[in-house]
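Summary of structural features
Okay, here's what each chain looks like letter by letter:
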Amino acid sequence: MMNFDEGAIRARGLTVRRGDRTVLRGLDFAVSPGRITGLLGPSGCGKSTLMRAVVGTQAKVTGTLDVLGLPAGDGALRARIGYVTQAPSVYDDLTVRQNLDYFAAVLDPGRARRAARRETVTRAIGDVDLASHADSLAGRLSGGQRSRVSLAVALLGTPELLVLDEPTVGLDPVLRRDLWDLFHRIAAERAATILVSSHVMDEAERCHRLLLMRDGEILADDTPDALRARTRAETVEAAFLHLVDEANALQESAR
Ligand SMILES: Nc1ncnc2c1ncn2[C@@H]1O[C@H](COP(=O)(O)OP(=O)(O)OP(=O)(O)O)[C@@H](O)[C@H]1O
């Protein structure tokens, strides 16, 4: 376990209700600063809800949740966090550069900031490897390219924390590999903390640390190596299944 007090994200008793259901049940965890933490688990286990709580857009959150030393949702965090939702949020009738110019103007407004914004936009386009498509309409891009435009938007403010909700869903293996290389570059070069969700277990192997979730609870919080060693499994997927079986057996014996 990492030192809880040093966590870029720290949760104690984090509980979220959606409608009449409790979808996160008293979670305790910390996310290491400057590392890539994978949030993995089956569809519906609560990954997006946890991310929404971290970025401050989720209602009915109880317990303690600190992000970069401030309570989640604090206004001062807005410029320090980049959030990419599952659906790419880009304007189809604008080019890649126009999309980024627009979001950059929202983040850093004013005529005096024009040159700085141009530089930031060009850097973000380069970061996601879309320089050759900078003047293409977003609506004419492939799904993977559109996801990368969304990621570029999140990178505009040079965030200390990036929260990425299933950024590789629907992408081919080459694009997935390229995006993961990019996440590693961002974490290494900018010392950014990345919380990234996926339900593809092979992506777990690319994370420094993992939070494995099931049914609104955290089954494990560890490195991929430690998880495999602890469960004597060859892959993180096998380790996850082992932990699920263990949790089911515990539940059964408690009945
Ligand atoms: N608006 C809502 N009202 C009530 N319940 C909701 C709402 N949105 C999601 N839920 C429930 O909350 C639970 C967690 O959903 P969440 O989207 O966080 O899961 P997830 O792990 O991100 O799933 P996926 O991998 O499919 O995106 C699910 O059981 C879902 O049915």
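Everything discussed here concerns the structure shown above.
Quick summary incoming for the structure in this document. Numbers given to residues run from 1 along each chain, matching the order in which its sequence is written. The predicted origin of the model limits local features to residues at a pLDDT of at least 70 and limits the giving and counting of side-chain atom pairs to 80 or more, whereas totals for whole chains, interfaces and linings rest on all residues.

Moving on to the overall build of the protein chain. Summing up its helical and strand segments, the protein chain has seven helices and 10 strands in all. For 255 residues, the compact-globule formula gives about 18 Å, and the C-alpha radius of gyration of the protein chain, at 19 Å, lands near that figure. Projecting the C-alpha coordinates of the protein chain onto the three principal axes gives extents of approximately 65 × 35 × 35 Å. Counting other C-beta atoms within 10 Å of a residue's C-beta gives its exposure: the residue is buried at 20 or more, exposed at 12 or fewer, and partly exposed in between, where C-beta atoms are placed from the backbone. Residues counted as buried form 40% of the 255 residues belonging to the protein chain. Going along the chain from the N terminus, every DSSP run of H or I of four or more residues is numbered as a helix, and every run of E of two or more is numbered as a strand. For the radius of gyration, the atom set is restricted to C-alpha positions; the globular benchmark scales as 2.2 Å times the number of residues to the power 0.38.

Once that is clear, we can look at the site of the ligand. A residue counts as near a molecule or strand when its C-beta atom, positioned from the backbone, falls within 6 Å of it. All residues in the neighbourhood of the ligand are listed as Arg18, Gly19, Arg21, Val23, Ser43, Gly44, Cys45, Gly46, Lys47, Ser48, Thr49 and His199. Residue assignment for the shell around the ligand shows that the elements contributing at least two residues are strand S2 (21–31) and helix H1 (47–55). The element that contributes the greatest number of residues to the shell around the ligand is H1, accounting for three residues. For this classification, Asp, Glu, Lys and Arg are treated as charged, while Ala, Val, Leu, Ile, Met, Phe, Trp, Tyr, Cys and Pro are nonpolar and the rest, including Gly, are polar. Tallied by class, residues from the shell around the ligand come to two nonpolar, seven polar and three charged.

With that out of the way, let us pick up the nonpolar core. Counting residues in each nonpolar core, the largest one holds 70 residues, and the members touching the most others are Val54, Leu100, Ala152 and Val163. Considering each element in turn, this core owes the most residues, six residues, to helix H4 (residues 143–155). Filtering out sequence-adjacent residues up to four positions away, valine 163 remains in contact with Met51, Val54, Val55, Ile81, Tyr83 and Leu195. In this usage, the nonpolar core is the set of buried Ala, Val, Leu, Ile, Met, Phe, Trp, Tyr and Cys residues whose C-beta atoms join them within 7 Å. Remark: residues whose backbone-derived C-beta atoms lie within 7 Å of one another are considered to be in contact.

Attention now moves to helix H2 (residues 96–107). Taking 1.5 Å per residue, 12 residues should reach 16 Å; H2 reaches 17 Å between its end C-alpha atoms and fits that length. Considering only its buried residues, H2 is in contact with helix H3 (114–127) and H4. Helix span is expected to be 1.5 Å times the residue number reduced by one.

Our next topic: the environment of threonine 15. Along the chain, threonine 15 falls in strand S1 (residues 9–18). Judged by local crowding, threonine 15 falls into the partly exposed class, with 17 C-beta atoms found within 10 Å.

To continue, consider the sheet that holds strand S10 (residues 217–222). The pairing criterion for strands is at least two bridges between them, as found by DSSP. The six strands lie next to each other as S6-S7-S8-S3-S9-S10, forming an open sheet whose pairing is mixed. Of all the strands in the sheet, the pair left with one neighbour each is strand S6 (81–84) and S10. In this sheet, neighbouring strand axes are inclined to one another by 15° on average, regardless of whether the strands run parallel or antiparallel. Every angle, taken between N-to-C directions, lies between 0 and 180 degrees, and every axis is a line fitted to C-alpha atoms, over only the stretch in contact when it is a helix. The sheet strands contacting H1 are strand S3 (36–40), S6, strand S7 (161–164), strand S8 (193–198) and strand S9 (209–214), and the helix crosses S8 at an angle near 155°. Contacting S6 and S7, H4 crosses the sheet at an angle of about 165° to S6.

Attention now moves to helix H7 (residues 236–254). Spanning 19 residues, H7 covers 27 Å between terminal C-alpha atoms, matching the ideal 27 Å at 1.5 Å per step. Looking at the buried positions of H7, the neighbouring elements they touch are S9 and helix H6 (224–231).

Attention now moves to the sheet that holds strand S4 (residues 61–67). Note on sheets: strands pair through backbone hydrogen bonds, and any given pair is parallel or antiparallel. In spatial order, the strands read S2-S1-S4-S5; together these four strands make up an open sheet with antiparallel pairing. With one partner strand each, in any of the chains shown, S2 and strand S5 (70–71) form the two edges of the open sheet. The pairing of S1 with S2 spans seven bridges and is antiparallel. Directly across from valine 16, in S2, lies its bridge partner leucine 24. Against the sheet, H1 engages S1, S2 and S4, with an angle of about 120° to S1.

Before going further, it helps to examine the environment of glycine 144. Within the element layout of this structure, glycine 144 appears in helix H4. When the C-alpha atoms of glycine 144 and glycine 170 are compared, they prove to be 7.7 Å apart, with 26 residues separating the residues in sequence. Not counting the four nearest positions on each side in its chain, glycine 144 is found in contact with Leu171 and Leu175.

Honestly, it's all geometry; don't read function into it.
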